[in-house]
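Now for the letters of each chain:
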Amino acid sequence: MAGTDKSQEFTYRPSPAIILCEPQLGENVGTTARAMANFGLWDLRLVNPRDGWPNERAIAAASRADHVIEKVRVFATVEEAIGDLSMVFATTARRRDMQKPVYGPEEGAQRIISHIAGGAKAGLLFGRERWGLYNEEVALADAIVTFPVEAAFASLNIAQAVLLMAYEWRQQADKGEVLPFTGGLDPIAPREELVGLFLHLEETLDRTGFFKTADKRPTMVDNLRAAFSRAQLSTQEIRTLRGVISSIDRAHLRQGRLAKKE
């Protein structure tokens, strides 16, 4: 369906970031950019794209979505890509063995719109072409967004999944249905602060011998991260928790020194 009008000026209104994890094909990046442009999204972030960036095939497939392509940012890790966001939803068609709220595209879009309306940043995380997101990446998200697809054929092309969410975001945003006020809570901390808490806690747990068996550590870490992500902590709450962790760590070190003296 043709309809691009270059005489119209694009408005960069506040909108969610789209994060693609390790995309393999430049064409998929390009068609994702085109899908975003169709519905007014513009912040596209790539995590370790296989063929590097810039990519001529992506540019060709974007079909003149130049304003999206020109703003693409590339990151080495998911943690870096979502560092400035305080709400992240992971898109997946598979059930995950972790405690996460699960939303459909409509409710997911509504929650993102309300979050952004409060002056905060949000993003949608999309997985690889062949196997989607890893559990440790889903654990970094606040919630899961999934689509009411046919169970026997649930796999979506990346650009298709982005198109569905972009359409829903635009539809809900244009309705203007944003709550007139919030609960007066402190803003949710950027994801980089939450990741810092994760690393601090995990290093302390390693040092204090919490993880008894190495093979169970990844699952336990994912569950801990999922729990703290679900809590939607503020910056002050994260500082307090890190203070608690540091206190426990110091007490453990003191006990270790006393034991050596004895």
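Described in the following lines is the structure provided in the data block. The residue numbers shown here count from 1 along each chain, following its written sequence. pLDDT decides what is reported in this predicted model: residues at 70 or higher carry local features, side-chain atom pairs at 80 or more are listed and counted, and totals for whole chains, interfaces and linings draw on all residues regardless. Think of the side-chain values as coming from all heavy atoms in the structure, minus any hydrogens and water.

### Re the environment of Gly 108
Part 1 of the reasoning: Helix and strand definitions follow DSSP, with helices as H or I runs of at least four residues and strands as E runs of at least two, each counted in order from the N terminus. Note that Gly 108 resides in helix H5 (residues 105-117).
Part 2 of the reasoning: For Gly 108, a relative accessible area of 0% translates into the label buried.
Part 3 of the reasoning: The sequence separation of Gly 108 and Ala 151 amounts to 43 residues, and the corresponding C-alpha distance is 20 Å.
Part 4 of the reasoning: In what follows, a contact means two residues having at least one pair of non-hydrogen atoms within 4.5 Å. Ignoring any residue separated from it by four or fewer positions in sequence, one finds Gly 108 in contact with Phe 89, Tyr 103 and Val 145. Exposure classes here rest on a 1.4 Å probe applied to the protein chains alone. A residue is buried below 20% of its type maximum, exposed above 50%, and partly exposed in between.

### So, the pairing of strand E4 (residues 87-91)
Part 1 of the reasoning: Burial of E4 is extensive: five of the five residues sit out of reach of the surface.
Part 2 of the reasoning: The two faces of E4 match: Met 87, Phe 89 and Thr 91 on one face and Val 88 and Ala 90 on the other face are all buried.
Part 3 of the reasoning: By this definition, two strands are paired if DSSP reports at least two bridges between them. Relative to strand E6 (residues 122-126), E4 runs parallel, the two sharing four bridges. By the bridge assignment for E6, Met 87 is matched with Ala 122.
Part 4 of the reasoning: Of the pairings in the sheet, the one linking E4 to strand E7 (residues 143-145) comprises three bridges and is parallel in character. Paired with Thr 91 across the two strands is Val 145, which belongs to E7.

### A look at the nonpolar core
Part 1 of the reasoning: Formed by 34 residues in total, the largest nonpolar core has its most connected members in Ile 18, Leu 20, Leu 44, Phe 89, Ile 112, Phe 126 and Val 162.
Part 2 of the reasoning: For this core, the element with the highest residue contribution is helix H7 (residues 158-175), accounting for six residues.
Part 3 of the reasoning: If we skip the residues at most four places from it in the chain, Phe 89 touches Tyr 103, Gly 108, Arg 111, Ile 112, Gly 123, Leu 124, Leu 125, Ala 141, Asp 142, Ala 143 and Val 145.
Part 4 of the reasoning: Only buried Ala, Val, Leu, Ile, Met, Phe, Trp, Tyr and Cys residues count toward a nonpolar core, and they belong to the same one when joined by side-chain atoms within 4.5 Å. By size, the runner-up hydrophobic cluster in this structure holds 32 residues, among which are Cys 21, Ala 139, Ala 141 and Ile 238.

### Observations concerning unusual backbone geometry
Part 1 of the reasoning: Between Trp 53 and the following residue, Pro 54, the backbone shows a cis peptide bond with an omega angle of 5°.
Part 2 of the reasoning: Tracing the backbone through its elements, the reader meets Pro 54 in the loop between strand E2 (44-47) and helix H2 (56-61).
Part 3 of the reasoning: The phi torsion at Arg 64 lies on the positive side, around 75°, for a residue other than glycine.
Part 4 of the reasoning: The topology assignment puts Arg 64 in the loop between H2 and helix H3 (66-69).
Part 5 of the reasoning: Among the residues examined, Arg 64 registers a relative accessible area of 60% and is labelled exposed.
Part 6 of the reasoning: The phi angle at Gln 232 is positive, at roughly 50°, despite the residue not being glycine.
Part 7 of the reasoning: Residue class for Gln 232 comes out partly exposed when judged on its relative accessible area of 36%.

### Re the environment of Ala 143
Part 1 of the reasoning: With respect to the helices, strands and loops of the structure, Ala 143 is situated in strand E7.
Part 2 of the reasoning: Among the residues examined, Ala 143 registers a relative accessible area of 1% and is labelled buried.
Part 3 of the reasoning: Sequence separation of Ala 143 and Thr 204 is 61 residues, and the distance between their C-alpha atoms is 26 Å.

### Let's talk about H5
Residues separated by three or four positions in an α-helix point in the same direction, a consequence of the helix having 3.6 residues per turn.
Part 1 of the reasoning: Here a helix's expected span is defined as the number of its residues, less one, multiplied by 1.5 Å. Taking 1.5 Å of rise per residue, the 13 residues of H5 would be expected to cover 18 Å, and the 18 Å separating its terminal C-alpha atoms lies within 8% of that figure.
Part 2 of the reasoning: Restricting attention to buried positions, one finds in H5 the residues Pro 105, Gly 108, Ala 109, Ile 112, Ile 113, His 115 and Ile 116. Along H5, the residues classed as buried sweep out an arc of 165° about the axis, all on the same side.
Part 3 of the reasoning: Residues of H5 that are buried make contact with E4, strand E5 (102-103), E6, E7 and H7. Directions are taken from the helix axis to each C-beta atom, and the arc is the one they span.

### Concerning helix H9 (residues 217-230)
Part 1 of the reasoning: The end-to-end C-alpha distance of H9 is 20 Å, a good match for the 20 Å that 14 residues give at a rise of 1.5 Å each.
Part 2 of the reasoning: Looking only at H9, the buried set comprises Val 221, Asp 222, Arg 225, Ala 226 and Ser 229. Here the buried residues of H9 occupy an arc of 135° about the axis, which is enough to place them on one side.
Part 3 of the reasoning: With its phi angle positive at about 50°, Gln 232 sits one or two positions after the end of H9.

### Some words on the packing of aromatic side chains
Part 1 of the reasoning: Only the six-membered ring of Trp is used, alongside the rings of Phe and Tyr, when aromatic pairs are assigned; centres must lie within 6.5 Å, and planes under 30 degrees apart are stacked while those over 60 apart are edge-to-face, with the rest tilted. Inspection of the entire model under this criterion finds four aromatic pairs.
Part 2 of the reasoning: Between the aromatic rings of Tyr 12 and Trp 42, the centroid separation amounts to 5.5 Å while the plane-to-plane angle is 85°, which identifies the pairing as edge-to-face. Residue Tyr 12 is located in the segment before strand E1 (17-21), and its partner Trp 42 is located in the loop between helix H1 (26-38) and E2; the two are separated by 30 residues in the primary sequence.
Part 3 of the reasoning: On the numbers, 5.6 Å between centres and 55° between planes, the contact of Phe 89 with Tyr 103 is tilted.

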